[in-house]
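Listed here are the chains, written in short residue letters.
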Amino acid sequence: MAHKSLANAVRALAMDAVEQAKSGHPGLPLGAADMATVLFTQFLKFDPADPKWADRDRFVLSAGHGSMLLYALLYLTGYEAMTLDEIKRFRQLGSITAGHPEYGHAPGVETTTGPLGQGLATAVGMAIAERHLAAEFGGIVDHKTYVLTSDGDLMEGISHEAIALAGHLKLNRLIVLFDDNGISIDGAISLSDSVDQVKRFEAAGWQSWRIDGHDPQAIAAALTKAQASDRPVMIACKTTIGYGAPTKAGKSSSHGSPLGADEIKGTRAALGWNHPPFEIPADILSAWRTAGSRSQGLHADWKKKLATIEPAKRAEFERRMKGDLPVEALDQAMRSLKESLAATPKDIASRTASEFALEALVPAVPEMVGGSADLTGSNNTRTKSMKAMSAADFSGRFINYGIREFGMAAAMNGMALHGGIIPYSGTFLVFSDYARPAIRLAALMGTRAIHVMTHDSIGLGEDGPTHQPVEHLAALRAIPNVLVFRPADAVETAECWELALKAKDRPSVLALTRQNLPQLRNRVDAENICAQGAYEIAGPDGAAQVSIFATGSEVSLAVDAAKLLAAKGIAARVVSVPSFELLAEQPDDVRRAIIGNAPVKIGVEAAVRMGWDSIIGSDGIFIGMATFGASAPYKELYKKFGITAEAVAEAALSKLR
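Within every chain, residues take consecutive numbers counted from 1 along the sequence as written. Reporting of local features is limited, given that this is a predicted model, to residues whose pLDDT is at least 70; pairs of side-chain atoms are given and counted only at 80 or more, and all residues count toward the totals for whole chains, interfaces and linings. The side-chain figures draw on all heavy atoms in the structure; neither hydrogens nor water molecules are used.

Chemist: Help me get a handle on helix 20 (residues 490–502), residues and values and all.
Modeler: Helix and strand assignments come from DSSP, with helices taken as H or I runs of at least 4 residues and strands as E runs of at least 2, each series counted from the N terminus. The span one expects for a helix is its residue count, reduced by one, times 1.5 Å. For helix 20, which comprises 13 residues, the first-to-last C-alpha distance of 19 Å matches the rise-based estimate of 18 Å (1.5 Å per residue) to within 8%. Working definition: with a 1.4 Å probe on protein chains only, accessible area under 20% of the residue-type maximum means buried, over 50% means exposed, and in between means partly exposed. Here helix 20 lies mainly inside the structure; 12 of its 13 residues are buried. Identification of polar contacts relies on pairs of N or O atoms within 3.5 Å, with a donor-acceptor requirement for protein atoms, meaning one able to donate a hydrogen and the other able to accept it, and with residues adjacent in sequence counted only if both atoms are side-chain atoms. Of the residues that open helix 20, the one with a side-chain oxygen 3.2 Å from the backbone nitrogen of Val 491 is Asp 489.

In structure tokens, the structure reads:
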């Protein structure tokens, strides 16, 4: 079957689906169909009959607005779930053909894309995962990661972080096809950008060159050359956006709107495609389905290879790729950790407590791969036994990400999506702003990525308000499906780590202190007490007149306030709230019992009030921050901003008068 017919089938489905939806982006599928057709029919290793085949090549459409390109390819190559009816229901409620590709909706969609640049950065994480697992498991992990990226992807700042990291690590299994069409929504790229992308990638340590993106022989030759590279590859494919459209080709008008009936009629004529909407001739569809099945022999060979490896190693590989935890080893590590803390209480910063927990957890959960955005000594994310990953040795379990918080978070998403790895990393909580878009995508996709974010309040002291997070806890809690943990002591920190590891379908943030905290729990609890999100950590024998709710470093302060109240004959209970989200998810009766019915409710957190009313009510008292912080020793700052045991006790007494 001629390449032209195969590529035009992609173009036709894309423009017809966008037209029927009266919404979408036809320009990219029309322009990128040639490179996508060559990739899927000649190079990409995949099996539509088993979309989760562990050793498949990954394809990431970073330019997610061109989603109909991907959906057309999935239908044509034979993914069972991607029916013609789903193509016809593009962008409709309940369809698997969302406006931008969404992970988990359609088999064959490797990651959610649309926010430009993140697909490319996520693919870097996938390529890291492939190299790391290959270093551990050998030849059963041997695949590539392909990316189709756009001008917009490469203008986003995250692209710099991603390509620099990939070049540094010499990720030679990563191949990027750049849809170099020179057009953005506002018009020609020259309106806003004049970067030579080939030179840019070369400067970052990639191999890069230009080709005609509509010449199938040139595309195939470039992809063949890329297979043997010792570095990541970027192929700049010069294309025409809206290829074939008589009045809109090469113009921004083809980017984000349906072509219109007359333009589609002219496009059909220009392409020589004389078939009705959504109709793919049997011979063309058959050729595409044959292309979709061409890796079945490789898949069968891989299964045979997997069956020949040592049984324990095979079981370990399969466990990791399923995302299942080594339950027995994890449980034993947690028991030993809690017993150690009960026997020898530790009054330490929760960031140090996290490191103490990791010393137990990292050996027990070998799929954990850590890292830090150039703050390793501050985040305490590298255990004594962890070797750094490098271009020379991918077996290491610690990644030096450099000062690239956004790129780090997106790469973590890629590792989690690839499978076989539980990524965690560290930075300061205030820099969650840099990572937030990737954390949001992790929540949307339901990926297990764990973010250790230290220096979590004015408690970091002298570095001042630029580094003191005030609104960040509320901002992270506002993202659906994110678990935000703020543990009060070493025991809670260990339990929050366990909960984060067990949260298979959501990302987690551990907000940890720089300053030391007293260990408040000295008993060995068989259960994870933090699992309910909140619990009474101190209380009177009888009914309480005051309930004080607190998180993290303010829990010990709340305990001291309860003692001050007790000295005045006021019964107060203290509730530690390590996770707002887990508390909110409890059954109503459990949640009501935890919150209680004391007439005075006080929330204490060195952050803004936003979100606290769900616990203390709109008439509850909040002791926290309403402004930015200041530069001073942390104990002075707590006094300046009125976050003290005395202030909490006085607020309770005033309410009771």
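Chemist: Hey, could you go over the side chain of Asn 379 for me, with residue numbers and the actual values?
Modeler: Locating Asn 379 in the fold gives a position in helix 16 (residues 376–379). Residue classification places Asn 379 among the buried positions, given a relative accessible area of 0%. Separated by 3.2 Å, the side chain of Asn 379 and the backbone nitrogen of Thr 427 make a polar contact. Any two residues whose heavy atoms approach within 4.5 Å at even a single point are treated as in contact. Discounting residues that sit within four places of it in the chain, Asn 379 has contacts with Arg 351, Ser 372, Gly 426, Thr 427, Phe 428, Val 452 and Thr 454.

Chemist: Any details on the side chain of Gln 197? Residues and values, ideally.
Modeler: By the element assignment, Gln 197 lies in helix 8 (residues 197–203). Among the polar contacts made by the side chain of Gln 197, one reaches the side chain of Arg 200 at a distance of 3.0 Å. What Gln 197 contacts, discounting residues up to four positions off in sequence, is Leu 154, Phe 178, Arg 210 and Met 234.

Chemist: Explain empty space enclosed by the protein residue by residue, including any values.
Modeler: A cavity here means a set of 1 Å grid points, computed over protein atoms only, where a 1.4 Å probe fits but cannot escape. A pocket is an open set with protein on both sides within 12 Å along at least 5 of 7 lines, and lining residues have an atom within 4 Å of a point. Grid points are joined across faces, edges and corners, and a volume is the space filled by probe spheres set on the points. Throughout the structure, instances matching the rule amount to two cavities of 30 Å³ or more. By volume, the largest cavity amounts to about 90 Å³. Taken together, 13 residues line the largest cavity, and the ones lying closest to its centre are Leu 44, Phe 59, Tyr 79, Gly 108 and Glu 110. Elements with a contribution of two residues or more to the lining of the largest cavity: strand 1 (58–61) and helix 3 (67–77). The classification used treats Ala, Val, Leu, Ile, Met, Phe, Trp, Tyr, Cys and Pro as nonpolar, Asp, Glu, Lys and Arg as charged, and all other residues, Gly among them, as polar. By residue class, the composition of the lining of the largest cavity is eight nonpolar, one polar and four charged. Considering only enclosed or pocket space, the second largest cavity measures out at about 40 Å³ in volume. The wall of the second largest cavity is formed by Phe 59, Val 60, Leu 61, Leu 70, Pro 101, Gly 108, Val 109, Glu 110, Thr 111 and Thr 113. The leading source of residues in the lining of the second largest cavity is strand 1, at three residues. When the residues that make up the lining of the second largest cavity are grouped by side-chain class, the tally is six nonpolar, three polar and one charged.

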